Amino acid sequence: MNLNMSQSLNAKLPVHTGPGTPGGDLLRRYWQPIMLVDDLPAARDPVPLRILGEDLVLFRDDRGRLGLLGRQCAHRCADLSYGRVENGGLRCVYHGWLFDIEGHCLEQPGEPGKGQHRDRVLQKAYPCQERAGAVWTYMGPGEPPLFPDYPALTAPDAYRFSARWLSNCNWLQASEGNVDPVHTSFLHALEVPAADADPLRKAQAQEVFGSDVAPRLSVQETRFGLRVIAERRQQPEGRRLVRVTNFVMPNACAIGGAETPFGRGGASMFWHVPIDDTSHWRFEFVFHSKAALPRDRLREAYRQEADERGVPWRNASNRFGQRRDMLDRSFVGMGQTFPVHDLFVTESQGEIHDRDNEHLVTSDVAIARSRRQLMQALQDLAEGREPRGVVREPAVNRFHDLLVLTETLAHDSNVDEFLAEMESADIYALRPLAEHPT
Ligand code: FES
Ligand SMILES: [Fe+2]
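Attention here is on the structure that accompanies the text. (Residues numbered from 1 in each chain as written. Chains lettered and ligands numbered in written order. Predicted model: local features only at pLDDT ≥ 70, side-chain atom pairs only at ≥ 80, totals over all residues. Heavy atoms only, no water.)

### Quick notes on the overall build of the protein chain
Phase 1 of the analysis: Helix and strand counts for the protein chain stand at 10 helices and 19 strands.
Phase 2 of the analysis: The C-alpha atoms of the protein chain give 23 Å as radius of gyration, which agrees with the globular expectation for 438 residues (22 Å, within 12%).
Phase 3 of the analysis: Here the C-alpha coordinates of the protein chain stretch approximately 85 × 50 × 50 Å along the principal axes.
Phase 4 of the analysis: Taken across its 438 residues, the protein chain has 54% of its residues classed as buried.
Phase 5 of the analysis: Per element, the accessible surface of the protein chain, about 19500 Å² overall, is 49% carbon and sulfur.
Phase 6 of the analysis: Of the side chains in the protein chain, 51 bear a positive and 60 a negative charge, and the two mean positions are spaced by 1 Å. (Helix = DSSP H or I, 4+ residues; strand = E, 2+ residues; numbered from the N terminus. Rg over C-alpha atoms; globule rule 2.2 N^0.38 Å. Buried < 20%, exposed > 50% of the residue type's maximum accessible area, 1.4 Å probe, protein only. Areas by Shrake-Rupley, 256 points an atom, 1.4 Å probe, with all protein chains shown as cover. Lys, Arg positive; Asp, Glu negative; His and termini not counted. Charge placed at Lys NZ, Arg CZ, Asp CG, Glu CD.)

### What to know about the coordination of the iron ion (ligand 2)
Phase 1 of the analysis: Bound to the iron ion (ligand 2) are the protein donor atoms His183 (NE2), His188 (NE2), Asp342 (OD) and Asp342 (OD), situated 2.1 to 2.8 Å from the metal.
Phase 2 of the analysis: Of note is the iron ion (ligand 2), whose 4 donor atoms meet at the metal with angles of 51 to 153° in an arrangement that counts as irregular.
Phase 3 of the analysis: Positions of the donor residues of the iron ion (ligand 2), expressed as sequence spacing, correspond to H-x4-H-x153-D. Of the two residues examined, His183 and His188, each falls in the buried class. (Donors = N, O, S within 2.8 Å, 3.2 Å for Na, K, Ca; no water. Tetrahedral: all angles 85-135°; square planar, octahedral: opposite > 155°, others 65-115°.)

### Examining unusual backbone geometry
Phase 1 of the analysis: The step from Met249 to Pro250 runs through a cis peptide bond, and the omega angle for that step is -10°.
Phase 2 of the analysis: Tracing the backbone shows Pro250 in the loop between strand 15 (239-248) and strand 16 (252-255).
Phase 3 of the analysis: Phi at Asn87 is positive, roughly 50°, even though this residue is not glycine.
Phase 4 of the analysis: When you line up the elements, Asn87 lands in the loop between strand 5 (84-86) and strand 6 (89-91).
Phase 5 of the analysis: In this structure, Arg319 is a non-glycine residue whose phi angle is positive, near 50°.
Phase 6 of the analysis: By the secondary structure assignment, Arg319 is in the loop between helix 7 (295-303) and helix 8 (338-347).

### Quick notes on empty space enclosed by the protein
Unfilled space is identified by rolling a water-sized probe across the atoms.
Phase 1 of the analysis: Enumeration over the complete set of coordinates arrives at 2 cavities of 30 Å³ or more.
Phase 2 of the analysis: The calculated volume of the second largest cavity comes to roughly 100 Å³.
Phase 3 of the analysis: Surrounding the second largest cavity, 14 residues form its lining, Tyr30, Trp31, Pro148, Tyr150 and Gly389 being those nearest its centre.
Phase 4 of the analysis: Tallied by class, residues from the lining of the second largest cavity come to 11 nonpolar, 2 polar and 1 charged. (1 Å grid on protein atoms, 1.4 Å probe; cavity = no way out; pocket = protein on both sides within 12 Å on 5 of 7 lines; lining within 4 Å. Points joined across faces, edges and corners; volume = space filled by probe spheres on them. Nonpolar A, V, L, I, M, F, W, Y, C, P; charged D, E, K, R; others polar.)

Rendered as structure tokens:
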């Protein structure tokens with residue numbers, strides 16, 4: 001890959017992800033979430049999807065197996081998402097060709113002998129699996145890597161809340177918002193709610209922006225991406241509020257969320273999965289290993305902002321529902337749901353944010369480092385090396401080093417020693433839940 005300095009920054013980064021692009025080749029080397037299991041139609045109707053610029057159809061065959069096929073039939077390109085699920089596959093309604101989940105053509109019923117040469121036809125097909133309440137696919141070449149056993153994805157459903165949001169901008173600018181700890185002190189700043197307010201909301205409001213809006217940032221390279229450490233001074237004791245979040249290659253993160261009210265042992269993960277270059281899905285997996293998440297309430301808050309397909313009602317045409325009269329209640333005047341703020345602000349950067357117009361400063365250090373890692377991964381791929389974060393060895397498929405923490409430390413404590421201690425402690429060991437809320 002040419003890293004010519006005269007290239008625009010966007011051209012050096014995996015902004016474009018369609019088939020055959022370097023960025024598309026990179027994202028295709030990792031398992032990607034494409035749908036929530038709860039959002040699959042109960043009647044097994046095939047679902048049309050667009051992922052990484054490819055038109056696809058997701059379906060469950062009559063044995064319950066998930067299949068993801070190219071949407072255009074291999075015969076004369078009719079749309080398979082209108083097809084019939086039957087006889088071990090998906091049947092095109094134009095001339096009745098039947099494809100199984102691996103893309104084999106099982107029948108060409110209009111041909112002699114149901115198609116004596118049907119094995120010459122292979123429909124595009126990608127492997128799928130259900131994990132963490134979502135359907136994941138691998139769209140790259142060769143043997144898929146191991147599914148990464150991040151704590152947020154391996155726990156039973158009761159420990160997790162999952163959601164997806166449609167976002168009308170390029171995936172990378174949204175992903176970069178996750179490695180920007182300073183914006184939480186502004187964009188997400190809420191007035192500390194009244195005494196009778198929801199405890200989860202109250203704790204978030206106090207922790208995230210309450211102490212110091214100019215934290216000291218440091219960034220450490222990890223095998224899966226970056227660890228970002230933000231230290232905020234707490235007056236008058238001189239203690240430090242330490243928040244640890246992570247960039248997870250190439251389009252994910254592990255950040256704070258439920259660990260703020262429930263203590264150590266939580267790690268929420270997001271994936272930004274391109275639909276095409278100007279829209280993407282933000283998948284969220286909110287997880288805590290020690291607490292039953294208030295899933296009903298989280299779902300209710302989500303439903304107030306997005307319809308059953310994950311499409312937010314706030315968009316550019318209604319100015320994202322900004323309430324100028326509420327600017328004294330929150331910094332942005334768009335309610336108290338953090339993802340809504342993020343969706344708005346990253347869309348406001350433009351469909352494809354032009355990075356050549358930026359003026360990065362010291363507090364953008366993690367963004368700069370994540371870009372360097374992505375560029376390195378593009379280079380690795382171009383030179384035949386596996387990019388960072390692809391897991392192939394079961395022995396390393398355990399992520400106790402993926403630390404998400406919000407901790408108050410004494411002013412003289414050693415943060416590196418503390419983090420090393422947390423890595424060796426099993427902070428994501430599951431605590432049995434007294435009740436399993438739905
Ligand atoms: S186009 Fe699908 S069977 Fe002919
Ligand atoms: Fe944010």
